[in-house]
Each structure stands twice: as structure tokens, then as C-alpha cells.
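What the coordinates show
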Amino acid sequence: MNIRAAAAADRDAIWKIFHEVVAAADTYAIDPKISREEALAYWFGAGTRTYVAESQGRIVGTYILRPNQSGGGSHVANAGFMVVPEARGQGMGRAMGEHSLNEARRLGFRAMQFNFVVSTNQSAVRLWQELNFEIVGTLPGAFRHPEKGYVDVYVMYRFLSG
Ligand SMILES: CC(C)(COP(=O)(O)OP(=O)(O)OC[C@H]1O[C@@H](n2cnc3c(N)ncnc32)[C@H](O)[C@@H]1OP(=O)(O)O)[C@@H](O)C(=O)NCCC(=O)NCCS
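All of the points below concern the structure found in this document.

About the thresholds
Residues numbered from 1 in each chain as written. Predicted model: local features only at pLDDT ≥ 70, side-chain atom pairs only at ≥ 80, totals over all residues. Heavy atoms only, no water. Helix = DSSP H or I, 4+ residues; strand = E, 2+ residues; numbered from the N terminus. Rg over C-alpha atoms; globule rule 2.2 N^0.38 Å. Contact = heavy atoms within 4.5 Å. Lys, Arg positive; Asp, Glu negative; His and termini not counted. Charge placed at Lys NZ, Arg CZ, Asp CG, Glu CD. 1 Å grid on protein atoms, 1.4 Å probe; cavity = no way out; pocket = protein on both sides within 12 Å on 5 of 7 lines; lining within 4 Å. Points joined across faces, edges and corners; volume = space filled by probe spheres on them. Nonpolar A, V, L, I, M, F, W, Y, C, P; charged D, E, K, R; others polar. Near = heavy atom within 4 Å. Polar contact = N/O pair within 3.5 Å; in protein donor to acceptor, adjacent residues only side chain to side chain. Areas by Shrake-Rupley, 256 points an atom, 1.4 Å probe, with all protein chains shown as cover. Sits in = over half its atoms within 2 Å of the grid points. Core = buried A, V, L, I, M, F, W, Y, C linked by side-chain atoms within 4.5 Å. Buried < 20%, exposed > 50% of the residue type's maximum accessible area, 1.4 Å probe, protein only. Arc of directions from axis to C-beta. Pairing = 2+ DSSP bridges. Axes fitted to C-alpha atoms, helices over the stretch in contact; angles between N-to-C directions.

1. Some remarks on the overall build of the protein chain
Looking only at helices and strands, the protein chain has 4 helices and 7 strands in total. Each helix and strand of the protein chain, ordered N terminal to C terminal, gives the series β-α-α-β-β-β-α-β-α-β-β. Rg of the C-alpha trace for the protein chain: 15 Å, near the compact-globule value of 15 Å for 162 residues, within the 12% margin. In terms of its C-alpha atoms, the protein chain occupies a principal-axis envelope of roughly 40 × 40 × 30 Å. Of all intrachain contacts in the protein chain linking residues separated by at least 6 positions in sequence, the fraction that spans at least 24 positions is 61%. Seen as two clouds, the 17 positive and the 15 negative side-chain charges of the protein chain have centres 4 Å apart.

Here you go:
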């Protein structure tokens, strides 16, 4: 597997992954009907670094890294991750998570925060805990899950030293 900065030529592959993840409506608080243009504007937004993970020449995952806030909050990174359903459970998410932590350290961030981890997204919650993120807050019923109804959302955080 190879993780690298995304190029313009990766936009189609990224949209395909993004669309599939968002259409499922069970992990991201993003309109499942978002257009390709809006999605790519978000994923390649100003101040956002965009990466892709390739396996056997195919893009199977993508992530973004950016400051979580501006000004006095800009030393805390934020990231978002997506892996194609057929490539999940094979270590792609973990590799991208570790890559993002190294990138964040390299860029001088002091901590990383995930603002909206849906509590029913067990693979994500477990993965982030394994990467030493702590649940620092719970937002009661902050996500409307398509099957489970109103479920809690976690804010997860870790320092980057060490
Ligand atoms: C969350 C996501 C990025 C994880 O990617 P992945 O490639 O499947 O993750 P990995 O294969 O690296 O698995 C890492 C860990 O996740 C957990 N995990 C993976 N599949 C799981 C499953 N079906 N059930 C529970 N935990 C699971 C395990 O803890 C695993 O650790 P291990 O390697 O020790 O077994 C991926 O599932 C995804 O894109 N989901 C949709 C979008 C999303 O939820 N993004 C994150 C929002 S916070």
C-alpha cells in the first residue's frame, strides 16, 4: 500500500469513494445527496491537505488533514478518513490514521481532534482508540442514523508528542 498526496487526476476515484460513504448516511453528517462539485470542493478545500491510499495500483482510500480551527485553535489538527467498502478490515484505515499522525507532527500540530465520530461506527471508534485517541466528550443524540435513529456522537482527541 502507498499513501501519497492526492493529485487532480485522483478526483474521480475520490468522488466515487466519497459518494459511496456519504450515500450510506451512517458515518458522516454530510448531505447524502451532495454533488460531485460540492464534495470535491470540501475534500480539496483551502487549507486542507488531501491524500490517497493505493493498493495494487488502485485508490482504495482517501483522507484529509487540516487545522481544526483557525487563529488560536490552529495548532490542533483535524482529519477525515474514507475507505472503499470492499477494502475495509485490511489495515487501510489504520495505515492512513498513522500516516495522518506523522504528517500532523511533521507540520507542527500539537494535537489532533475528531469532532464527530458517530458512536455506532464501531470500527472507527475502536481504531481511533487503538491509535490513542480518547473520547473527551459525548454529544447526546447528535446524529440521526438511518436505521438506529438518534445516536450519540463522540469528540475524540489526542496529543501528538511522543
Ligand atoms: C473507519 C474506516 C476508515 C476504517 O478503515 P478500515 O480500512 O476498515 O480499517 P482497518 O482495516 O485499518 O481496521 C482498523 C481497526 O478497525 C477496527 N475494525 C475494522 N473493521 C471492523 C469491524 N467490522 N468491526 C469492528 N471493528 C473493526 C479494528 O479495531 C481494526 O483493528 P485491527 O487491525 O487490530 O483489527 C472505514 O471503515 C471507513 O471508511 N468507514 C466509513 C467512513 C468512516 O466511518 N470514516 C471515519 C469517520 S470517524
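2. Quick look at the layout of surface pockets
Within this model, the largest pocket holds a volume of roughly 990 Å³. If you go around the largest pocket, you meet 39 residues; those closest to its centre are Phe 81, Asn 121, Ser 123, Ala 124 and Trp 128. At the level of secondary structure, the elements contributing two or more residues to the lining of the largest pocket comprise helix H1 (11-24), strand E3 (58-67), strand E4 (76-83), helix H3 (92-106), strand E5 (111-118) and helix H4 (122-130). Counting residues per element, the lining of the largest pocket draws most heavily on H4, at 7 residues. When grouped by side-chain class, the residues that make up the lining of the largest pocket number 21 nonpolar, 11 polar and 7 charged.

3. Some points on the site of the ligand
The immediate surroundings of the ligand are formed by 20 residues, with Val 83, Gly 91, Gly 93, Arg 94 and Asn 121 found nearest. In the environment of the ligand, an oxygen atom lies 2.6 Å from a nitrogen or oxygen atom belonging to the backbone of Gly 91. Between Asn 121 and the ligand, the recorded distance is 2.6 Å, taken from a side-chain N or O atom to an oxygen atom. Coverage of the ligand by the protein amounts to 76% of the 920 Å² it exposes when considered alone. The site holding the ligand turns out to be the largest pocket. Looking at the shell around the ligand, the elements with two or more residues in it are E4, H3 and H4. When the residues that make up the shell around the ligand are grouped by side-chain class, the tally is 9 nonpolar, 7 polar and 4 charged.

4. Description of the nonpolar core
With 44 residues, the main nonpolar core has Phe 18, Leu 65, Met 112, Phe 114, Val 117, Trp 128 and Phe 133 as its most contacted residues. In terms of residues, this core owes the most to one element, H1, which gives 6 residues. With residues up to four places along the chain from it excluded, the contact list for Trp 128 reads Phe 81, Gly 97, Phe 114, Val 117, Phe 133 and Met 156.

5. Some points on H4
Owing to its 3.6 residues per turn, the α-helix aligns residues three or four sequence positions apart on the same side. By the burial criterion, the buried members of H4 are Ala 124, Val 125, Leu 127 and Trp 128. Down the axis of H4, the buried set is contained in an arc of 165 degrees. They therefore lie on one face. Exposed residues lying more than 90 degrees from the buried face of H4 are Gln 122, Ser 123 and Arg 126. For H4, the elements touching its buried residues are E4, H3, E5, strand E6 (134-145) and strand E7 (149-159). Note on H4: the residue one or two positions beyond its end, Asn 132, has a positive phi of about 75 degrees.

6. Examining the sheet that holds E4
Two pairing modes exist for strands in a sheet, parallel and antiparallel, and in both the strands are linked by backbone hydrogen bonds. Read across the sheet, 7 strands follow the order E1-E2-E3-E4-E5-E7-E6 without closing on themselves; strand pairing throughout is mixed. What marks the edges here is a single partner per strand, and that holds for strand E1 (2-5) and E6. On average, each strand axis in the sheet is inclined to that of its neighbour by 25 degrees, with strand direction left out of account. Where strand E2 (residues 49-55) and E3 come together, 7 bridges link them in antiparallel fashion. Paired with Ser 55 across the strands is Arg 58, a residue of E3. The strands that H3 touches are E1, E2, E3, E4, E5 and E7; relative to E3, the one it contacts most, it runs at about 35 degrees.

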